[in-house]
Amino acid sequence: MTQLDLIRNFSIVAHIDHGKSTLADRLIQSTGTVKDRDMKAQLLDSMDIERERGITIKANTVRIEYPAKDGKTYILNLIDTPGHVDFAYEVSRSMRAVEGSLLVVDASQGVEAQTLANVYQALDAGHEIVPVLNKIDLPAAEPERIKQQIEDVIGLDAKDAILISAKSGLGIPDVLEAIVTRLPAPKGDREAPLKAMLVDSWYDAYLGVVVMVRIMDGVMKKGDRIRMMQTNAVYGIDTLAVLKPQMVDIAELGPGEIGVFTASIKQVRDTRVGDTITHERKGCETPLPGFKPAQPVVFCGLFPVDAADFEALRDAIEKLSLNDASFSSEMETSAALGFGFRCGFLGLLHLEVIRDRLEREYDLDLITTAPSVVFKLYMKDGEVRDLHNPADMPDLTFVDHIEEPRIKATIMVPDDYLGDILKLCQDRRGIQLDLSYAGSRAMVVYDLPLAEVVFDFYDRLKSVTKGYASFDYTISGYREDFLVKMSILVNEEPVDALSMMVHRDRAEARGRAMVEKLKELIPRHMFKIPIQAAIGSRVIARETLSAMRKDVTAKCYGGDATRKRKLLDKQKAGKKRMRQFGKVEIPQEAFISALKMDG
Amino acid sequence: MEDWRNGGFGLYLHWPFCQSKCPYCDFNSHVSTRIDQDRWQRAYLSEISRVGAETQGRLLNSVYFGGGTPSLMRPELVSAILARVRATWTLANDCEITLEANPGSVEAGRFRGYRDAGVNRVSMGIQALADGDLRALGRAHSVAEARAAFDVARTTFDRVSFDLIYARQNQTLKNWQKELSDALTMAADHISLYQLTVEDGTAFGDRLAHGKLRGLPGEELSADFYAATQEICGAAGMDAYEVSNHAKTGSESRHNLIYWRAGDYVGIGPGAHGRLSQNDDRWATEGLRAPGAWLSKVESEGNGEALREILRPADRAAEYLMMSLRLREGMSLPRYSSFAGDRISPQKLADLVEIGMISVATNQIRATDAGRMVLNTLIAELSAA
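Criteria and cut-off values
Residues numbered from 1 in each chain as written. Chains lettered and ligands numbered in written order. Predicted model: local features only at pLDDT ≥ 70, side-chain atom pairs only at ≥ 80, totals over all residues. Heavy atoms only, no water. Helix = DSSP H or I, 4+ residues; strand = E, 2+ residues; numbered from the N terminus. Buried < 20%, exposed > 50% of the residue type's maximum accessible area, 1.4 Å probe, protein only. Contact = heavy atoms within 4.5 Å. Areas by Shrake-Rupley, 256 points an atom, 1.4 Å probe, with all protein chains shown as cover. Salt bridge = Lys/Arg side-chain N within 4 Å of Asp/Glu carboxyl O. Phe/Tyr/Trp six-rings, centres within 6.5 Å; stacked < 30°, edge-to-face > 60°. Lys NZ or Arg CZ within 6 Å of the ring centre and 35° of its normal. Pairing = 2+ DSSP bridges. Buried area = accessible area lost by both parts, 1.4 Å probe. Polar contact = N/O pair within 3.5 Å; in protein donor to acceptor, adjacent residues only side chain to side chain. Nonpolar A, V, L, I, M, F, W, Y, C, P; charged D, E, K, R; others polar. Disulfide = S-S within 2.5 Å. UniProt positions renumbered as here; feature names shortened; annotations may be inferred. Patch = residues over 30% accessible without salt bridge, like charges linked within 9 Å, V, L, I, M, F, W, Y side chains within 5 Å. 1 Å grid on protein atoms, 1.4 Å probe; cavity = no way out; pocket = protein on both sides within 12 Å on 5 of 7 lines; lining within 4 Å. Points joined across faces, edges and corners; volume = space filled by probe spheres on them. Expected span 1.5 Å × (residues − 1). Axes fitted to C-alpha atoms, helices over the stretch in contact; angles between N-to-C directions. Parallel < 35°, antiparallel > 145°, perpendicular 65-115°, else oblique. Core = buried A, V, L, I, M, F, W, Y, C linked by side-chain atoms within 4.5 Å. Left-handed = near helix turned anticlockwise from the far one by under 90°.

Structural notes on the overall build of chain A
Next up, step 1: Across its full length, chain A carries 14 helices and 34 strands.
Next up, step 2: Within the span of chain A, comprising 599 residues, buried residues form 58% of the whole.

Some details on the overall build of chain B
Next up, step 1: Secondary structure assignment for chain B yields 16 helices and 17 strands.
Next up, step 2: Taking the intrachain contacts of chain B between residues at least 6 apart in sequence as the baseline, contacts between residues at least 24 apart amount to 70%.
Next up, step 3: Summed over its atoms, the accessible surface of chain B is roughly 15,500 Å², and 48% of this surface lies on carbon and sulfur atoms.

Comments concerning the pattern of salt bridges
Should the charged atoms of two oppositely charged side chains come close, the side chains can pair.
Residue and element names in this part refer to chain A.
Next up, step 1: Applying the stated rule across the entire model yields 60 salt bridges over all chains.
Next up, step 2: The partner of R214 in a salt bridge is E99, with the nearest N and O atoms 2.7 Å apart. Placement of the pair is R214 in strand β8 (residues 208–217) and E99 in the loop between α3 (88–95) and β4 (100–106), with a sequence separation of 115 residues.
Next up, step 3: Overall, the relative accessible area of 17% leaves E99 in the buried class.
Next up, step 4: Salt-bridge contacts for K376 lead to D386; the nearest nitrogen and oxygen are separated by 2.8 Å. Of the two residues, K376 sits in strand β22 (residues 375–379) while D386 sits in strand β23 (residues 384–387), which places them 10 residues apart along the sequence.

Digging into the packing of aromatic side chains
Next up, step 1: Going through the model one piece at a time under the given rule, you end up with 24 aromatic pairs over all chains.
Next up, step 2: On the basis of an interplanar angle of 65° and a centroid distance of 5.7 Å, the ring pair of F111 of chain B and F157 of chain B is categorised as edge-to-face. In this pair, F111 of chain B is assigned in helix α4 (residues 111–117) and F157 of chain B in the loop between α6 (143–156) and β7 (159–166), connecting sequence segments 46 residues apart. Of the two residues, F111 of chain B and F157 of chain B, neither departs from the other in class, the shared state being buried.
Next up, step 3: An aromatic cluster of at least three residues, connected via ring pairs, comprises W15, F17, W40, Y44 and W294 of chain B.
Next up, step 4: In this structure, K376 of chain A packs its charged tip against the face of Y478 of chain A, placed 5.1 Å from the ring centre.
Next up, step 5: Its end group placed over the ring of F9 of chain B, R58 of chain B keeps NZ or CZ at 4.9 Å from the ring centre.

Focus: the pairing of strand β7 (residues 195–204) of chain A
Looking down a regular strand, the side chains alternate between one sheet face and the other.
All names here are of chain A.
Next up, step 1: Among the 10 residues in β7, 7 count as buried, and that is most of the element.
Next up, step 2: As paired strands, β7 and β8 are joined by 9 bridges and run antiparallel to one another. Bridged to D200 within β8 is M212.
Next up, step 3: Between β7 and β8, which follow one another and run antiparallel, lie 3 residues.
Next up, step 4: In this sheet, strand β16 (residues 276–279) lies alongside β7 in antiparallel orientation, the contact comprising 2 bridges. Paired with A196 across the bridge in β16 is I277.

Here's the deal with the interface of chain B and chain A
Next up, step 1: The interface of chain B with chain A comprises 46 residues on the first partner and 26 residues on the second.
Next up, step 2: Summing both partners gives a buried area of about 3,400 Å² for chain B against chain A, and 55% of it is carried by carbon and sulfur.
Next up, step 3: There are 6 salt bridges connecting chain B and chain A.
Next up, step 4: Connecting chain B to chain A are 22 residue pairs in polar contact (both at pLDDT 80 or more).
Next up, step 5: Among the elements of the structure, β8 (190–195), α9 (219–235), α10 (254–260), β12 (273–278), α12 (313–324), α14 (346–354), α15 (369–373) and α16 (375–384) of chain B are those that each provide at least two residues to the side of chain B that touches chain A.
Next up, step 6: Per-element accounting of the side of chain B that touches chain A gives the leading share, 9 residues, to α16 of chain B.
Next up, step 7: Residue classes in the side of chain B that touches chain A are distributed as 22 nonpolar, 10 polar and 14 charged.

Some points on the environment of A192 of chain A
Residues and elements named next belong to chain A.
Next up, step 1: Among the structural elements, A192 can be located in the loop between α6 (172–182) and β7.
Next up, step 2: A192 sits 24 residues away from M216 along the chain, and the two C-alpha atoms are 9.5 Å apart.
Next up, step 3: Every residue in contact with A192, bar those within four places of it in the chain, is listed here: D217 and G218.

Quick word on the state of the cysteines
All names here are of chain B.
Next up, step 1: By the definition in use, this model includes 0 disulfides over all chains.
Next up, step 2: C22 takes part in no disulfide bond, and the closest cysteine sulfur, belonging to C25, lies 6.3 Å away.
Next up, step 3: Considering cysteine sulfurs only, C18 is the nearest to C25, which forms no disulfide, with 6.3 Å between them.

Digging into the UniProt feature "binding site: GTP" (unreviewed entry) in chain A
Residues and elements named next belong to chain A.
Next up, step 1: The UniProt record marks D17, H18, G19, K20, S21, T22, N134, K135, I136 and D137 with the feature "binding site: GTP" (unreviewed entry), using the residue numbering of this structure.
Next up, step 2: Relative to the elements of secondary structure, I136 occurs in the loop between β5 (128–134) and α5 (143–154).
Next up, step 3: Exposure remark for I136: the relative accessible area of 17% places this residue in the buried category.
Next up, step 4: Dropping the residues within four chain positions of it, I136 is found in contact with A107, A141, P143, L163, I164, S165 and L170.
Next up, step 5: If you trace the backbone, D137 turns up in the loop between β5 and α5.

Side note on the sheet that holds strand β6 (residues 162–163) of chain A
Next up, step 1: Taken together, the 6 strands give an open sheet; going across it, the order is β2-β3-β1-β4-β5-β6 (chain A), and neighbouring strands pair in mixed fashion. Two strands close off the open sheet at either side, each with one partner strand: β2 (60–67) and β6 of chain A.

Quick notes on the side chain of S383 of chain B
Next up, step 1: Relative to the helices and strands, S383 of chain B resides in helix α16.
Next up, step 2: Discounting residues that sit within four places of it in the chain, S383 of chain B has contacts with L568 and K572 of chain A together with L321 of chain B.

Topic: a nonpolar patch on the surface
Next up, step 1: On the surface, Y206, L207 and M247 of chain A cluster together into a nonpolar patch covering about 360 Å² of accessible area.
Next up, step 2: Position of Y206 of chain A relative to the elements: it lies in the loop between β7 and β8.

Concerning empty space enclosed by the protein
Next up, step 1: Applying the stated rule across the entire model yields 2 cavities of 30 Å³ or more.
Next up, step 2: Put simply, the largest cavity is a space of about 90 Å³.
Next up, step 3: In terms of lining residues, the largest cavity is bounded by 13 residues, among which Y259, A262, R282, E319 and Y320 of chain B are the most central.
Next up, step 4: Broken down by element, the lining of the largest cavity gets its largest block of residues, 4 residues, from α12 of chain B.
Next up, step 5: Counted by class, the lining of the largest cavity contains 7 nonpolar, no polar and 6 charged residues.
Next up, step 6: In this structure, the second largest cavity encloses a volume near 40 Å³.
Next up, step 7: Taken together, K550, V552, T553 and A554 of chain A together with Y166, L193, Q195, Y226, V243 and S244 of chain B make up the full set of residues lining the second largest cavity.
Next up, step 8: In terms of residue class, the lining of the second largest cavity is made up of 6 nonpolar, 3 polar and 1 charged.

Section: the pairing of β12 of chain B
Next up, step 1: Most of β12 of chain B is tucked away, with 5 of its 6 residues classed as buried.
Next up, step 2: Joining the antiparallel neighbours β12 of chain B and strand β13 (residues 281–287) of chain B is a turn of 2 residues, in which N279 of chain B adopts a positive phi near 55°.

Side note on the environment of G582 of chain A
Next up, step 1: Here G582 of chain A lies in the loop between β33 (578–581) and β34 (584–587).
Next up, step 2: In the structure, G582 of chain A is positioned 247 residues away from A335 of chain A in sequence and 9.4 Å away in space, judged by C-alpha atoms.

Regarding helix α8 (residues 348–361) of chain A
Next up, step 1: Helix length check: α8 of chain A (14 residues) gives 19 Å between terminal C-alpha atoms against 20 Å at 1.5 Å per residue, within 8%.
Next up, step 2: For α8 of chain A, every residue scored as buried is listed here: L349, H350, L351, V353, I354, D356, R357 and L358 of chain A.

Let's talk about the packing of helix α1 (residues 20–30) of chain A against α6 of chain A
Residues and elements named next belong to chain A.
Next up, step 1: Where α1 contacts α6, the two axes come as close as 10 Å, and the packing angle between them is 85°. Between α1 and α6, the angle falls in the class roughly perpendicular. Seen from α1, the contacting residues are L23, R26, L27 and S30; seen from α6, they are I172, V175 and L176.

A word on the nonpolar core
Across soluble globular proteins, nonpolar side chains show a tendency to be buried alongside one another.
Next up, step 1: Counting 157 residues, the largest nonpolar core has F65, I81, M124 and F162 of chain B as its most contacted members.
Next up, step 2: Excluding residues that lie within four positions of it along the chain, F65 of chain B makes contacts with L13, P70, M73, V78, I81, L82, I97, T98, L99 and E100 of chain B.
Next up, step 3: Grouped together as the second largest cluster of nonpolar side chains are 51 residues, L351, L366, I402 and V444 of chain A included.

Examining the packing of helix α1 (residues 37–54) of chain B against helix α2 (residues 75–88) of chain B
Packed helices, taken two at a time, are described by their axes: the angle between them and the distance between them.
Residue and element names in this part refer to chain B.
Next up, step 1: Where α1 meets α2, the closest approach of the two axes is 10 Å, and the angle between their N-to-C directions is 15°. Taken together, the axis directions place α1 and α2 in an arrangement best described as roughly parallel. Between α1 and α2 the crossing geometry is right-handed. On α2, the residues touching Q37, Q41, Y44, L45, S46, I48, S49 and G52 of α1 are E76, L77, A80, I81, R84, V85 and T88.
Next up, step 2: Here the contact of α1 with α2 is built from residues that sort into 7 nonpolar, 6 polar and 2 charged.

Written out as structure tokens, the structure is:
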């Protein structure tokens, strides 16, 4: 066990691309934690998708031994946290496991919306924060201006900010020294009953569930019988280790230390992140505060393109769920799309990541339906129901009122684009909460309905600002609004997978855009097809797809049979990518494209 | 009864040469100045004998000289081929022997020779009755030449057919109605009316891809052209018995009916396709496409085929569906089922009847007039069922 004053636990807060993972790599490398020949970029991002997208999804940890200038060797535990809002809960619990943070800001880009959100999380967790300006060697770097911005926007003293280039290694020794001198050592009582925080857990094909813990009080040893206070489940510790970043066995973990254990736990779902772990006997009395499970906020249907792949999809979803307790799924049947799953995600990025992993790691071809949020239905009989799927909307006569989730969105944008941003937020039923300037950048804060953001808000935001805006949000609560279910009828029959909840005032415009888009997306048939948008039985928009008039090969003789038959085979293969709905065939892309629309 | 007897048995012979290549044509045709017709004759005769050996005892319903431009063949060559054909198979009493002819003055001079060789029907590629349009279609003849050649054919052969292409560049519906009515007074007993189709790999195809082929009708006007064509021909007693073919009753092309009724046909010559039934299998054959290569292969190996394979049951069924629904008489459901090993779902048939695309009589389905207009889609629909 290590003396408390020789331990420093910290995380790194940064906007995507500002160099968080590169800095982590340099810290690991320069202390010899990982041999140069074993080093690969973004060492802590172990998933392919993390490396490809340059993001961190799961929290990762590394224990670094650092001989400081004072002659003592310190144990530095770095928890590399996700930067994206979807994984805010992962961030918040990781923050509570450490005492300080490095705030990494790109010396030319400056503070972004995402940086803010994470910095506030760190401040909430009581962190000491050391500002670090990265990419200082680039010609566009303006360290003085960015220091001023950090002071103006965040309110942190930035005069002692460390200037570095994580890429070239410049300033890395200063960072290591600052971790020791400027961040506080953890506190804790070795003699007190064991009290450990469950920081994270994941599934390893060889070891089963691996649990990461931060010891607050007491000592954890191999062979100990432990109890999860939330679930009351009891386990025996099989192995105890620290991460360097590969697992290295250790005899015991004392206060302030971070490590992992295995205990024959079957699935990740059996472990609750944020739970308190103590000994089965003589355990602590009160658990750590603040346990709350992550709640999915965005839902969509996932269906196999080929109905025969349903079982494969079920297996894939089960396997992914083993390692990601924040992702929920339940079986869903759609008249249009057949058997599939209604899945819940922490946000849109989480949705995309899971879908990508299903398609890539399990080689599945999927149809994703429009993302929707969880509406609260206040029924006339007093019951409150969660509505995850617009198709499940009950008859309005039973509903008293409907509430929808709202977010507090923070957008940072060069002032040239401010007008476009305000218009976009206004169009999405936003309510402006704040507008301030830091240099030539504006920071706007809006109260927006989450439902308006899950469609293509982020894409629109990027396109109207040519990529210069940054955006982050937190869920702020539920509010009543005049919401209705809009159904889409193709050839007089409702297509469940296309129904959506919309604000009554925007229903006509949305319905019109939708039927016009579908008219383009559905190929003409041998008969004419009415395409309608309706609220209840009232049609609010209508288009008619005219019947195909002529499609016949002029010449077809003996010498043409082979070639024309091959064309027919191609046509039939094309039909397989369509979904039969009543007598109408709807191409798969219609289910996604129809919902991606402007304004 | 062997299934092919439902359609009969014919011989297709491909002559791959033309004097010039028409910009819309995607047939296997080549322009060559030096053609050793004696050498070609030996090859054709050898191939006839080869296939004859495996179809012994069959009654031959039709012979068709297609191309290319078969009216570039010397009458002596046609005569020698037909002599070998008679020596190989028994000809039906009403055996139809057709030769495709260019309507030029030189060709007309050979008509008598073809008749003496045994040809009893010509199919003339007149294509248009307007000189400007003939030039645009890359045709070498004039309207006056075509009419003169047609008159020679009319007095020389029992049966004469000709082709016209419509929905041409900048053609108006009114122009076509007039041109077609005019064409129907020419007293042919059979007429093939093809809507201009721009195929990939043709000069027109390249021009279209580069945006240089303008004035072609869109789908609506195309549909109007087709509908007007049906109406005018119907009024003249020349109903369509197939998508693009019109005839007085009894004057239908017996040869082409073999294709559409899924009979057997021997294909001889470069790129020629054949279908031959043996026991329960149906074979697809295809000649080597390049004329020189085909000729050498026949000479060195005694066989010009590049491909010979058994059609899978599903492909056989698809071909029957695709070909037979082109005919007004339609398709036999029991025959289709015997190929496919499964029937078309009654629900699918009922749906298509309901929307007016097909009619169903005992064991037979037909595309309605509306159904024939969208036949490709209809076939895909039935084929997937």
